[in-house]
Amino acid sequence: MNAVQKYETLSLAPAERLPFWNDVVDRVYTGTWVNTAKTDFVAEMWRWKVGDLDMIRPRSDPAQVGRAADRAVDEEQIVLHLQRRGISNHRQDRREASLAPGDFILMSTDRPYKIDLPHTHELMVVQFPRRLIEHKIRRLDDRLGTAISGACAGGRVFHDFLLSLWHQGDQSHADPDWQAGVASVFADLVALAVNVAPTAPPAPGASRTRERVLALVNARLGDPDLRTASIAGELGISARTVQNVFATMGTTPVGHVIEQRLERAAEMLVSNPATSVTEIAFDLGFNDSAYFARCFRQRFGITPSAYRTGR
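Summary of the structure given here. Residue positions within a chain follow its written sequence, with the count starting from 1. Residues qualify for local features only when their pLDDT is at least 70, as the model is predicted, and side-chain atom pairs are given and counted only at 80 or more; totals for whole chains, interfaces and linings, by contrast, use all residues. With hydrogens and water stripped out, all remaining heavy atoms of the structure feed into the side-chain values.

Details of the overall build of the protein chain
A run of H or I in DSSP counts as a helix once it spans at least four residues, and a run of E counts as a strand once it spans at least two, with each numbered from the N terminus. Tallying secondary structure elements over the protein chain gives 11 helices and 12 strands in all. The globule rule used here is 2.2 Å times the number of residues to the 0.38 power, and the radius of gyration it is set against is calculated over C-alpha atoms. Taking 2.2 N^0.38 as the reference for a compact globule, 311 residues should give roughly 19 Å; the C-alpha atoms of the protein chain span a radius of gyration of 19 Å, in line with that estimate. Over its C-alpha atoms, taken along the principal directions, the protein chain stretches across nearly 55 × 45 × 45 Å. Only protein chains enter the accessibility calculation, which uses a 1.4 Å probe; a residue whose area is less than 20% of its type maximum is buried, one above 50% is exposed, and one in between is partly exposed. Counting over 311 residues, the protein chain shows a buried share of 48%. To measure how exposed things are, a 1.4 Å probe is used in the Shrake-Rupley method; for residues, cover is taken only from the protein chains shown. Accessible surface computed for the protein chain: about 14,600 Å², of which carbon and sulfur atoms make up 52%. For the protein chain, the distance from the average position of its 37 positive side-chain charges to the average position of its 37 negative side-chain charges is 5 Å. Two residue types count as positive, namely Lys and Arg, and two as negative, namely Asp and Glu; His and chain ends fall outside the count. Taken as the charge location is NZ of Lys, CZ of Arg, CG of Asp or CD of Glu.

The following block contains the structure:
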């Protein structure tokens, strides 16, 4: 993966972390601020670009994030937030929306917005000119500030594409025509996911159950005993309810857990080069390193070792 900019707070004294982080986020996306009750706030963020796409991948402790209206740019920008881990609650104008892992939302930089992130979380965020999707999304203004489900086929395809851009790394010096082509594909996939997503929100009880199930899975990926029965038992719901959550996402509990483990393994192979492939497999709940390697190759087309070296 080509080099990306990385920012983190862990190397700073606790009292310096939040001021430093506020300076970073304001420089990355003008007008953004962060507040938290934690005195030892831990956060990290990667930033990279492809053409008109200005992307970040932040992870942090619980926080509140806000952004003032950005009037300094010549054209309106759209900010896409895709929830990777944890949950978030977004507010812009009079609209409120909650995101579970896989969901995303579009918001305008012309108006202020706020995000409540009550747990440790990870997002992928992309800022881009409105003109990229202006004529691709039906009634675009009506979709701003509303949650787009990651459970539909279009949402899953877009999620995978965004992760592929992360694996490619910074491409700001690549061929301009190639960068423009990537931005065009990005816009098409966003439009596909938005245009085919259900317009009616899920029932409040079903939405909350889904959030709880996905949050538990994200928190327990390293538990080799993570399965339908253990999820149901810990949350006090039936096994059938757990199965139904994943059925609406087009998968099964086992399939989702393995997919999330493999995605996290891919990240760890790159970000933790000193950790062996076997250690990563065991850390993520695989009891058999050979089985992990087979699953990884089936998902990514190459072995974990080859993925790590970029071959």
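Some words on empty space enclosed by the protein
Empty space among the atoms becomes apparent when a probe as large as a water molecule is rolled across them. Here the term cavity refers to a set of points on a 1 Å grid, laid over the protein atoms alone, in which a 1.4 Å probe fits but cannot get out; the term pocket refers to an open set having protein on both sides within 12 Å along at least five of seven lines, with lining residues being those that place an atom within 4 Å of a point. Grid points are joined across faces, edges and corners, and a volume is the space filled by probe spheres set on the points. Under the criterion given, the structure shown has 1 cavity of 30 Å³ or more. In this structure, the largest cavity spans a volume of roughly 280 Å³. Taken together, 22 residues line the largest cavity, and the ones lying closest to its centre are V25, T32, I56, P58 and V65. For the lining of the largest cavity, the elements supplying multiple residues, two or more each, are α1 (14-28), β2 (32-35), β4 (53-60), β5 (63-67), β10 (113-117) and β11 (121-129).

Topic: the nonpolar core
Counting 35 residues, the largest nonpolar core has L80, L106, F128, L162 and F186 as its most contacted members. Among the elements of the structure, β3 (43-50), β4, β6 (77-85), β9 (104-108), β11, α3 (153-168) and α4 (176-196) are those that each provide at least two residues to this core. Here this core takes 9 residues from α4, the largest share from any one element. Other than its neighbours up to four places away in sequence, L162 contacts M55, L80, L82, M124, V126 and F186. Among the nonpolar cores identified, the runner-up in size contains 23 residues, and Y7, A43, Y113 and V125 belong to it. In this text, buried Ala, Val, Leu, Ile, Met, Phe, Trp, Tyr and Cys residues form a nonpolar core when linked through side-chain atoms within 4.5 Å. The contact criterion used is simple: two residues touch if any of their non-hydrogen atoms lie within 4.5 Å.

Some words on the layout of surface pockets
When its volume is computed, the second largest pocket comes out at roughly 340 Å³. What lines the second largest pocket is a set of 19 residues, and nearest its centre among them are R156, H159, H256, E259 and Q260. Those elements that place two or more of their residues in the lining of the second largest pocket are α3, α5 (204-219) and α8 (253-271). No other element matches α8, which puts 5 residues into the lining of the second largest pocket. A per-class count over the lining of the second largest pocket returns 5 nonpolar, 8 polar and 6 charged. Basically, the charged four are Asp, Glu, Lys and Arg, the nonpolar ten are Ala, Val, Leu, Ile, Met, Phe, Trp, Tyr, Cys and Pro, and anything else, Gly included, counts as polar.

Topic: the sheet that holds strand β8 (residues 95-99)
Here, a strand pair is defined by DSSP locating no fewer than two bridges between the strands. Spatially, β2-β5-β10-β7-β8 is the arrangement adopted by the 5 strands of the open sheet, whose pairing is antiparallel. What marks the edges here is a single partner per strand, and that holds for β2 and β8. Shown here is a sheet whose adjacent strand axes are inclined to one another by a mean of 15°, direction ignored. Bridging between β2 and β5 involves 4 bridges; their strand directions are antiparallel. Counted as the bridge partner of T32 is R67 from β5. Axes, fitted as lines to C-alpha atoms, cover a helix only where it is in contact. Angles between the N-to-C directions of the axes lie from 0 to 180 degrees.

Here's the deal with the pairing of β10
Along any regular strand the residues' side chains alternate between the sheet's two faces. The alternating pattern of β10 places Y113, I115 and L117 on a buried face, while none of K114 and D116, on the opposite face, is buried. Inspection of the sheet shows β5 paired to β10 by 5 bridges, in the antiparallel sense. When the sheet's bridge partners are listed, R67 is paired in β10 with Y113. For strand β7 (residues 88-92) and β10, the ladder comprises 4 bridges, and the chain directions are antiparallel. Along β10, the bridge assignment pairs H90 with I115.

Details of helix α10 (residues 289-300)
End to end, α10 covers 16 Å across 12 residues, agreeing with the expected 16 Å (1.5 Å per residue, within 8%). Every buried residue belonging to α10 is among F292, C295 and F296, and all of these are buried. Along α10, the residues classed as buried sweep out an arc of 100° about the axis, all on the same side. When the buried face of α10 is taken as reference, the exposed residues oriented beyond 90 degrees from it are R294 and Q298. The inward-facing, buried residues of α10 contact α8, α9 (277-283) and α11 (304-309). Polar contacts here mean pairs of N or O atoms no more than 3.5 Å apart (in protein, one a potential hydrogen donor and the other a potential acceptor; neighbouring residues in sequence count only if both atoms are side-chain atoms). At the N-terminal boundary of α10, the capping side chain belongs to D288, with an oxygen 2.8 Å from the backbone nitrogen of A290. Every helix has an expected span of 1.5 Å times one less than the residues it contains. Summarising the geometry, the arc corresponds to the directions from the helix axis toward the C-beta atoms.

Keep in mind that these numbers describe shape and distance, not what the molecule does.
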